[in-house]
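# Examination of the molecular architecture
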Amino acid sequence: MLFSSYSFLFCFLPLTLAAWQLAARAAAQPAQALGWLLLALSLVFYAFWGPGFLVLLLGLIVMNHAFGTALAAPQQEGAGKRRLTRKSLLALALACNLLPLLWFKYAGFLTDCAARLCGADWSFTPAGLPLGISFYTFIQIAWLVAVYRRETAPEGLAAHALFTSCFAWVISGPIVRYGQMGPQLGALAGLRAENLAQGFTLFTLGLGKKVLLADSIGAYADAVFNAAARGIWPSTLEAWLGSLAYTFQLYFDFSGYTDMALGLGLMLGLRLPENFASPYKATGIVDFWRRWHITLGAWLRDFLYIPLGGNRRGRPRQYANLFLTMLIGGAWHGAGWTFIVWGALHGTMLSVNHFFRACTRGTLAERLLGAAPGRLVCVAFTFFCINLCWVVFRAPNLDTALTIYTAMAGAGPDVWPPLMAPDAGAGLEGFLARLDPAAPGSLMAALLPNRFFSGWLPFALLAVCGVIVWCCPNSQEVVFGRKEGAGPRVRWRPTTGWAAALALLGFAALVLASRETVFLYFQF
């Protein structure tokens, strides 16, 4: 049951809101009753993806609650030995959480690698990847570490189950911390008009991004990458357009999901952490990772980069830690060499970016790059690097990625077709003939020979995506305003005009919501 599916929009969500308000009014202790209701709804929501997945999730919740209770036990006599025991217990708990993730997500890949190394004919296919296992595993690891550090104390099993399985974040994040959500889950209240209005606004904006933009532009990316995987060479322009289409598809898919998750939480009175802040406006890779999947970046920083030593042991060690952290972060996205290469690329770029910033700090170059023209150049160059990296991220294997890269570089076979139609004629008529993709021998037909991009729609979609990405405030800025306090020109207000615009956007999204698609981050 996707957030953008008819079953969720017309059944699960309305019933949830109705039950929420009834329970809040009827219960003697609304917070407690709403907590049980939210837990029940979350388990039902997750069970739609497969009862087996729900059993695994519940088993891990019970196991982690038991580990957390043991870790929170008061320290008594034999303090030194006790600390060692708690540390060992934490290590055991982390191993027990990582083993299912390794089994379901990486066993097949590791078996294949071992078979290649040994020249054997081994193969192994796990019984499906439990949905959201990467996200709820990270959530529970953060909770266990917080309990070990005595930053939080375990509450009841039901409270822990609710924190882990809440349907707003269990499938695809954000990766929440107990310190952020625990107090909110303990103080649930009935529906509030302001929360509902802002939540519906965020949800509708996210639905529009997902259905109207991500799913639409994604069809063109699929055409290019799927053809390349079958051995069909795209032209240079097709390869660039295909990479741009995927770059925007992933942006609006993830941004749309994040908006919907935050909107759902807000309807129920929960303020989820920010997870997406206009990442393609970043002026460098360091800045990009402060804007893209913010909660994942924070998790990798707190539980990998800092324990590895962070920047405390000199620059070479800092760059090595960054590279290793991003390499693991890449592998987290999927069991395949493409994700590992993608992580290595980002680790390298992060290290280079940190090195460059250290070298230019306090110099004229830093002041020039901080000025408006310099920032524009930085944004363009950062986007260029990110776009190149998404190619290997999207490609099903390294051979396909190499095909796309070769075509983008203009080095593939027949990727530079004749640019002039031989008999197009002169004047305006000849010029238009050259631009007609359907005309044999025209300029566009020569540049786009495989017909992956037919008509005006793909170019209009790319243009709209670009305008929204670089010229518009993001959804949270529209609804809540900017962090620095200044309101963007496009700012949500509870007015008739905004209601009409959102209704129109929602209607257009609902018309196209019947297409069978899935959120890209579900597979990670």
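These figures come from a predicted structure and were not determined experimentally.

## Comments concerning the overall build of the protein
When you go through the protein residue by residue, the secondary structure sums to 21 helices and zero strands. In terms of overall dimensions, the protein is globule-like: its C-alpha atoms have a radius of gyration of 25 Å, near the 24 Å expected for 524 residues. Seen through its principal axes, the protein has C-alpha atoms that stretch 90 × 60 × 55 Å. Put simply, the protein has 524 residues, and 51% of those count as buried. In the protein, 74% of the contacts between residues at least 6 apart in sequence involve partners at least 24 apart. Summed over its atoms, the accessible surface of the protein is roughly 23900 Å², and 67% of this surface lies on carbon and sulfur atoms.

## Some thoughts on the environment of A91
Relative to the helices and strands, A91 is located in helix α4 (residues 79-118). For the pair A91 and V145, spaced 54 residues apart in sequence, the C-alpha to C-alpha distance is 9.8 Å.

## Looking at the packing of helix α5 (residues 133-148) against helix α6 (residues 157-165)
Running from N to C, α5 and α6 cross one another at 135 degrees; their axes reach a closest spacing of 9 Å. Judged by the angle between their axes, α5 and α6 are oblique. Along its contact with α5, which presents Y136, I139, Q140 and W143, the element α6 presents H160, F163 and T164. Within the contact of α5 with α6, the residues separate by chemical class into four nonpolar, three polar and no charged.

## Quick notes on the nonpolar core
In terms of nonpolar packing, the biggest core is built from 80 residues, with F3, F8, L38, F167, W169 and L270 touching the most fellow members. The leading source of residues in this core is α5, at eleven residues. Excluding anything up to four places from it in sequence, L38 contacts W20, L162, C166, F167, L185, L188, L268 and L270. Ranked by size, the runner-up nonpolar core spans 58 residues in total, among them F288, M349, I404 and A407.

## Here's the deal with the packing of aromatic side chains
Taken as a whole and assessed by the stated rule, the structure comprises 41 aromatic pairs. Ring centres of F3 and Y257 lie 5.4 Å apart, and the angle between their planes is 5 degrees; this geometry places the pair in the stacked category. You can see F3 sitting in the segment before α1 (6-26) and its partner Y257 sitting in helix α9 (residues 236-267), a full 254 residues away along the chain. Both residues of the pair, F3 and Y257, belong to the buried class. Summarising the aromatic geometry, the rings of F8 and F203 are spaced 6.4 Å apart at their centres and angled 25 degrees between planes, so their arrangement reads as stacked. Residue F8 is located in helix α1, and its partner F203 is located in helix α8 (residues 193-229); the two are separated by 195 residues in the primary sequence. Of the two residues, F8 and F203, both sit in the buried class. Here the basic side chain of K105 rests over the ring of W332, its NZ or CZ set 5.2 Å away from the ring centre.

## Describing the side chain of D215
Within the fold, D215 resides in helix α8. Using a relative accessible area of 13% as the deciding quantity, one classes D215 as buried. If we skip the residues at most four places from it in the chain, D215 touches K210, R515 and T517.

## Brief notes about unusual backbone geometry
The backbone of H293 sits at a positive phi, close to 40 degrees, despite the residue not being glycine. The topology assignment puts H293 in the loop between α10 (285-288) and α11 (294-305). With a phi angle near 60 degrees, R451 is a residue other than glycine that sits in the positive phi range. Within the fold, R451 resides in the loop between α18 (443-447) and α19 (457-471).

## Observations regarding the packing of α1 against α8
Running from N to C, α1 and α8 point in directions that differ by 165 degrees, and their axes come no closer than 15 Å. When the axes of α1 and α8 are compared, the pair comes out roughly antiparallel. As α1 packs across α8, the resulting crossing turns out to be right-handed. Contacts from F8, L9 and L17 in α1 reach L196, F200, F203 and L207 in α8. Tallied by class, residues from the contact of α1 with α8 come to seven nonpolar, no polar and no charged.

Criteria and thresholds
- The numbers attached to residues start from 1 for each chain and follow its sequence in the written order.
- Restriction of local features to residues with pLDDT of at least 70 applies here, the model being predicted, together with a cutoff of 80 or more for giving and counting side-chain atom pairs; totals for whole chains, interfaces and linings are based on all residues.
- Calculation of side-chain values draws on the structure's entire complement of heavy atoms; hydrogens and water are dropped beforehand.
- Helix numbers and strand numbers start at the N terminus; a helix is a DSSP run of H or I with at least 4 residues, a strand a run of E with at least 2.
- Radius of gyration means the value over C-alpha atoms here, while the globule rule gives 2.2 Å times the residue count to the 0.38 power.
- For every residue, the accessible area obtained with a 1.4 Å probe (protein chains only) is divided by the maximum for its type, and the residue is called buried under 20%, exposed over 50%, and partly exposed between those limits.
- Contacts are assigned to residue pairs that have any heavy atoms within 4.5 Å of one another.
- Using the Shrake-Rupley algorithm and a 1.4 Å probe, accessible areas are obtained, with residue cover drawn only from the displayed protein chains.
- Only the contacting stretch of a helix is used when fitting its axis, a line to C-alpha atoms as for every element, and angles between N-to-C directions run 0 to 180 degrees.
- Here is the rule for angles: anything less than 35 degrees is roughly parallel, anything more than 145 is roughly antiparallel, 65 through 115 is roughly perpendicular, and the remaining ranges are oblique.
- Gly is put with the polar residues, along with every residue not named as nonpolar or charged; the nonpolar set is Ala, Val, Leu, Ile, Met, Phe, Trp, Tyr, Cys and Pro, and the charged set is Asp, Glu, Lys and Arg.
- Only buried residues count toward a nonpolar core. Its members are Ala, Val, Leu, Ile, Met, Phe, Trp, Tyr and Cys residues joined through side-chain atoms within 4.5 Å.
- Two rings from Phe, Tyr or Trp (for Trp, the six-membered ring) form a pair when their centres are within 6.5 Å of each other. A pair whose planes differ by under 30 degrees is stacked, one over 60 is edge-to-face, and the rest are tilted.
- In this analysis the charged atom, NZ for Lys or CZ for Arg, is taken to sit over a ring once it is within 6 Å of the ring centre and within 35 degrees of the ring normal.
- Two helices that cross are described as forming a left-handed crossing if the nearer one is turned anticlockwise from the farther one by less than a right angle, and a right-handed crossing if clockwise.

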